[in-house]
Amino acid sequence: MLIRVSPSHPLTDNDVTDEKLFHQRRSFIRQGIYGGASLAMASYLPALASASIDRFADRISGAPTTMKVDEQVNKWEEITGYNNYYELGTSKDDPARLADALQPDPWSVTVSGECAKPGTLALDDLLDPMKLEQRIYRMRCVEAWSMVVPWVGFPLADLLKRFEPNGNAKYVAFETLYDKSNPLPGQRRRVLDWPYREGLRIDEAMHPLTMMAVGVYGKPLPNQNGAPLRLVVPWKYGFKGIKSIVSIRFTEKQPQTSWNMSAPGEYGFYSNVNPKVDHPRWSQAKERRIGEFLRRDTLMFNGYEDQVASLYSGMDLKKNY
Ligand SMILES: Nc1nc2c(c(=O)[nH]1)N[C@H]1C(S)=C(S)[C@@H](COP(=O)(O)O)O[C@H]1N2
Ligand SMILES: [Mo]
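(A) Spatial organisation of the overall build of the chain. The helix and strand tally for the chain stands at nine helices and 13 strands. Classification of the 321 residues of the chain by burial places 55% in the buried group. Excluding contacts between residues fewer than 6 apart, the proportion of contacts in the chain whose partners are at least 24 apart in sequence is 76%. Of the roughly 14000 Å² of accessible surface on the chain, a fraction of 50% belongs to carbon and sulfur atoms.

(B) The arrangement of the site of ligand 1 in detail. Taken together, 16 residues form the shell around ligand 1, and within it Asn83, Tyr86, Glu87, Gly241 and Lys243 come nearest. Separating a nitrogen atom of ligand 1 from a side-chain N or O atom of Glu87 is a distance of 2.8 Å. The contact in question runs from an oxygen atom of ligand 1 to an N or O atom on the side chain of Asn225, over 3.0 Å. Class assignment for the residues of the shell around ligand 1 results in seven nonpolar, six polar and three charged.

(C) Fine view of the sheet that holds strand 11 (residues 245–251). A sheet is described by the order of its strands in space; here five strands give the open sequence 3-2-11-6-7, paired in mixed fashion. In this open sheet, the two edge strands, each paired with only one partner strand, are strand 3 (119–122) and strand 7 (197–201). When strand polarity is set aside, the average angle formed by the axes of neighbouring strands in this sheet is 20 degrees. The pairing of strand 2 (residues 108–113) with strand 3 spans four bridges and is classified as antiparallel.

(D) Broad picture of the pairing of strand 6 (residues 171–176). Among the six residues of strand 6, five are classified as buried, and the element is accordingly described as predominantly covered. Of the strand pairs in this sheet, strand 6 and strand 7 are connected by five bridges, and their pairing is antiparallel. Along strand 7, the bridge assignment pairs Ala173 with Gly199. Sheet topology places strand 6 next to strand 11; six bridges connect them, and they run antiparallel. Residue pairing in the sheet places Glu175 in a bridge with Ser247 of strand 11.

(E) Structural detail: the confidence of the model for the chain. Counting all residues, the mean pLDDT for the chain is 87, and 84% of those residues have values of 70 or more. For residues 1–47, every residue scores under 50 in pLDDT, and the model assigns this stretch 89 contacts once sequence neighbours within four places are set aside.

(F) Expanded view of the side chain of Arg138. Summarising the element assignment, Arg138 is placed in strand 4 (residues 133–140). Side chain to side chain, Arg138 and Glu71 meet in a polar contact 2.7 Å long. A distance of 2.9 Å separates the side chain of Arg138 from the backbone oxygen of Asn302, its partner in a polar contact.

Here is what the cut-offs are and how they apply
The residue numbering used here restarts from 1 in each chain and proceeds along that chain's sequence as written. Think of it this way: whatever chain is written first is A, whatever ligand is written first is 1, and the rest follow in order. It should be noted that, the model being predicted, local features are given only for residues of pLDDT at least 70 and side-chain atom pairs only at 80 or more, the latter also being counted only at that level, while totals for whole chains, interfaces and linings use all residues. Side-chain calculation: all heavy atoms of the structure are included, whereas hydrogens and water are not. Where helices and strands are cited, they refer to DSSP runs of H or I of at least four residues and of E of at least two residues respectively, numbered from the N terminus. Throughout this description, buried means an accessible area under 20% of the type-specific maximum (1.4 Å probe, protein chains only), exposed means over 50%, and partly exposed covers the range between. Here, two residues are considered to be in contact whenever any of their heavy atoms come within 4.5 Å of each other. Using the Shrake-Rupley algorithm and a 1.4 Å probe, accessible areas are obtained, with residue cover drawn only from the displayed protein chains. Only a single heavy atom is needed: when it lies within 4 Å of a molecule or strand, its residue is near that molecule or strand. What qualifies as a polar contact is a pair of N or O atoms within 3.5 Å, subject to a donor-acceptor requirement within protein and to the restriction that residues adjacent in sequence count only when both atoms come from side chains. Side-chain classes follow a simple rule in which Ala, Val, Leu, Ile, Met, Phe, Trp, Tyr, Cys and Pro form the nonpolar group, Asp, Glu, Lys and Arg form the charged group, and the remainder, Gly included, forms the polar group. We call two strands paired when DSSP finds no fewer than two bridges between them. Note on method: axes are straight lines fitted to C-alpha atoms, helices fitted across the in-contact stretch only, with angles between N-to-C directions ranging 0 to 180 degrees. Values of pLDDT, ranging from 0 to 100, describe the predictor's confidence in every residue of the model.

Structure, rendered in structure tokens:
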């Protein structure tokens, strides 16, 4: 199993320790066939990483790879130049262009709700005990495009356990920063009801695949990707991966989530990737992998079915989108 990576970044595969979680269940269109057909990315040429938090750079670049999919990793320019981050604008190139509007340092995260040890942690204290690892995951946007992204971060469960959630903690709610008196450029318009809100059921949040990312491509997260820390839930549509998190709350009731609030008929709370449940306005059966010419089949649970299907046993996946 060899992953081809562009020579300009520090990924190596000699430190891969465990690929057991990644059983390939289908045969993919092999990258080799279309390898040369990457689309011109000129229209969203970034933006070298905008100011990110350098003091974590060594820990991030040194993180060992623990999981990866057997597919070509997207280019740095694609991952950091083609983004959804509505607080920084609604076009794909807005977030990289307006990235400097976000100030990820200093940063703190407030943890509250159904837990024994709530509190506000400075980013350094939050990260200090966390063991960083690199994981190469597919990311499937609900808009039917996808990428393969080398995240660096830690299992969300390792963070959540530090706050000792209690028996009433059935869900976890997350919020992105929103300073009404100093909004980000995209927050001046009510495209969404700010702050951006997301949530997971507690077992989804504690699942070993669910991660909090602080880096990508061996570097601290660029602002446009959700600096300084963002959620990554690889079997769900990308909008569940809330960026630039300032609040984590353990709740007994299912929390409200931004996209579900804005269009409940289009975006569910669960939003598990499912090629058989179409969006009301487009099919979810296929996806455009950024950098490829032909569309790929979308995989059930984005290819993570073996790992996560049991979370939803007994649930009607057609209804609980
Ligand atoms: N706060 C916030 N988080 C967000 C978004 C957003 O607009 N605001 N967009 C979501 C969507 S739709 C996707 S597909 C992913 C994109 O992540 P990326 O830009 O790092 O690829 O971020 C998600 N997280
Ligand atoms: Mo998305």
